[in-house]
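Listed below are the residues making up each chain.
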Amino acid sequence: MKFLITGGAGFIGSNYLHYVTEKYKEDFFVCLDALTYAGNYHNIEMLEGKENYKFVKGDITDRDFIDALFKSEHFDIVINFAAESHVDNSIKNPAIFLNTNIIGTEVLMDACLKYGIKRFHQISTDEVYGDLPLNRPSLLFHEDTPIKTSSPYSTSKASADLLVMAYHRTYGLPVTISRCSNNYGPYQFPEKLIPVVISKALKNEKIPVYGKGENVRDWIHVHDHNVGVDLIVRMGKVGEIYNLGGHSERTNLELVKLILKELGTSEDLITFVEDRKGHDLRYAIDSSKIEKELGWTREYSFDEGIRKTIDWYFNHQDWIKDIETLEYQKAYQEKKQTSLSKTF
Ligand SMILES: NC(=O)c1ccc[n+]([C@@H]2O[C@H](COP(=O)([O-])OP(=O)(O)OC[C@H]3O[C@@H](n4cnc5c(N)ncnc54)[C@H](O)[C@@H]3O)[C@@H](O)[C@H]2O)c1
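Model, not experiment: these values are computed from the prediction. (Residues numbered from 1 in each chain as written. Predicted model: local features only at pLDDT ≥ 70, side-chain atom pairs only at ≥ 80, totals over all residues.)

Undergrad: Break down the overall build of the protein for me, with residues and values.
TA: Counting its regular elements, the protein contains twelve helices and 13 strands. Computed over C-alpha atoms, the radius of gyration of the protein comes to 19 Å, within 12% of the 20 Å expected from 2.2 N^0.38 for 344 residues, which places it in the range of a compact globule. Oriented by its inertia axes, the alpha-carbon framework of the protein measures out at about 55 × 50 × 40 Å. Across the 344 residues in the protein, those meeting the buried criterion constitute 46%. Across the protein, the fraction of contacts at a sequence separation of at least 24, relative to all contacts at a separation of at least 6, is 83%. (Helix = DSSP H or I, 4+ residues; strand = E, 2+ residues; numbered from the N terminus. Rg over C-alpha atoms; globule rule 2.2 N^0.38 Å. Buried ≥ 20, exposed ≤ 12 C-beta atoms within 10 Å, placed from the backbone. Contact = placed C-beta atoms within 7 Å.)

Now the structure itself:
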């Protein structure tokens, strides 16, 4: 089968490609990425040369480009990881979130309809459900929890989800959606909490924590998320939504303190800053549907996963430095000049 993986140079998409290009030698994976500021060619350059993989630079909102790509490549399956993903950016500039996350999804689905693909899978988020109160720990998000978003980011993702279900009902497009909680692991852009804390701690810099640090997130290792996505795409029921969660709730402050302890750094670095506007209090996911129906299980405990993740960033300080100096933005151009990067 031939897969289109959009957003494959980002955090979750690149981890997905590392996993599936090894596991499924008989399938072929085309990574499509616009290489926005969050796309890092270094995350996937080691996949070049694999028989079952190629990279294409392009934008999911570019209708003509997407049409031409689908026409020439004959995809069977499309998995849409591409998105603007940082909540803080969406508060400053919502427009690009609506364009990429909603219009980009629509452009891809139009091409899926026109060229008759077998499955369109949308990578969504638990943030579409809004948040839960801090004082009722038994409450969880289920697949039928009403959508009730807080930020322009989550609203753009929820809008895309509604559009995906509308394309299924109206046009019969074979779709699935996964809604996952907060991911951690290698290759996460250092604007998100865990890599920010690690990189600042390694440089002995102040670590900003929103409000009192009491917001709760349900952390899942990116590999466990991707195993779930793979199961849904291959075995999931068309028209269904599947939740994926880590069953590992931690307050932001607990998480920051744990990382500092692991790195042997002082908690004095913690600096409380003005809270994020509309900051969701607590996310917690019920993943029992995918566990029962598709046999999904988590391979990583939080303790093991977070330690391995801290080790990874510790051992890849050049990867972080490359981003801080913006060198990473030259990686694709340099590769193109020196090699036979394939075009479609
Ligand atoms: N990170 C999390 O904890 C988390 C949790 C649940 C769901 N998600 C969802 O998973 C998906 C991937 O998230 P991530 O953390 O890897 O994000 P990311 O920001 O690390 O990566 C996004 C990728 O999409 C690419 N991209 C952006 N706009 C594009 C466009 N117009 N055309 C083509 N490519 C484009 C970027 O270049 C980047 O490589 C997103 O849809 C996000 O909403 C993320």
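Undergrad: Account for helix H10 (residues 302-315), naming residues and giving values.
TA: Helix length check: H10, at 14 residues, gives a terminal C-alpha distance of 20 Å against a target of 20 Å (1.5 Å per residue), a fit within 8%. Tucked inside the fold, the buried residues of H10 contact strand S7 (183-184), helix H6 (193-202), strand S10 (220-221), helix H8 (252-263) and helix H11 (317-324). (Expected span 1.5 Å × (residues − 1).)

Undergrad: Residues and numbers for the site of the ligand, please.
TA: Residues in contact with the ligand amount to 30 residues; listed here are only the nearest, Gly7, Gly10, Ala38, Gly39 and Ala83. If you list the elements that add at least two residues to the shell around the ligand, you get helix H1 (11-23), helix H4 (94-114) and strand S5 (119-125). Counting residues per element, the shell around the ligand draws most heavily on H1, at three residues. Here the shell around the ligand is built from residues that sort into 13 nonpolar, 13 polar and four charged. (Near = placed C-beta within 6 Å. Nonpolar A, V, L, I, M, F, W, Y, C, P; charged D, E, K, R; others polar.)

Undergrad: Pulling in residues and values, what's your account of the packing of H1 against helix H7 (residues 222-235)?
TA: Where H1 contacts H7, the axes come no closer than 9 Å and their chain directions differ by 65 degrees. By the angle between their axes, H1 is roughly perpendicular relative to H7. For the pair H1 and H7, the crossing hand works out as right-handed. For the pair H1 and H7, contact is made by Phe11, Ile12, Asn15, Tyr16, Tyr19 and Val20 and by Val222, His223, His225, Asn226, Val229 and Asp230, respectively. Grouping the amino acids of the contact of H1 with H7 by side-chain chemistry returns seven nonpolar, four polar and one charged. (Axes fitted to C-alpha atoms, helices over the stretch in contact; angles between N-to-C directions. Parallel < 35°, antiparallel > 145°, perpendicular 65-115°, else oblique. Left-handed = near helix turned anticlockwise from the far one by under 90°.)

Undergrad: So, the sheet that holds strand S2 (residues 28-33): which residues are in play, and what are the values?
TA: If you trace the seven strands from one edge of the open sheet to the other, you get S3-S2-S1-S4-S5-S6-S11, paired in parallel fashion. The open sheet terminates on both sides in strands that have one partner only, identified here as strand S3 (53-57) and strand S11 (241-244). Strand-to-strand twist in this sheet, taken as the mean axis angle between neighbours without regard to direction, amounts to 20 degrees. When strand S1 (residues 2-6) meets S2, the two strands line up parallel, connected through five bridges. Paired with Ile5 across the strands is Cys31, a residue of S2. Together, S1, S2, S3 and S5 form the strand contacts of H1, whose direction differs from that of S2 by roughly 165 degrees. (Pairing = 2+ DSSP bridges.)

Undergrad: Pulling in residues and values, what's your account of the environment of Ala95?
TA: With respect to the secondary-structure elements, Ala95 resides in helix H4. Counting along the chain gives 42 residues from Ala95 to Pro137, while the straight-line C-alpha distance between them is 35 Å.

Undergrad: How would you summarise the packing of H6 against H8 if you had to cite specific residues and measurements?
TA: The contact between H6 and H8 brings their axes to 10 Å, and the two run at 40 degrees. For the element pair H6 / H8, the angle class is oblique. Pair H6 / H8 crosses with right-handed handedness. Contact residues: Leu193, Val197, Ile198, Ala201 and Leu202 in H6; Asn252, Val256, Ile259, Leu260 and Leu263 in H8. In the contact of H6 with H8, the residues fall into nine nonpolar, one polar and no charged.

Undergrad: How would you summarise the pairing of strand S4 (residues 77-80) if you had to cite specific residues and measurements?
TA: On a regular strand, each side chain points to the face opposite its neighbour's, so the side chains alternate between the two faces of the sheet. Side chains of S4 alternate between two faces, with Ile77 and Ile79 and Val78 and Asn80 buried alike. By the bridge criterion, four bridges tie S1 to S4 in an arrangement that is parallel. Residue pairing in the sheet places Phe3 in a bridge with Ile77 of S4. Strand direction decides the pairing type here: S4 and S5, joined by four bridges, are parallel. Each bridged residue has a counterpart across the sheet, and for Val78 the counterpart in S5 is Phe120.

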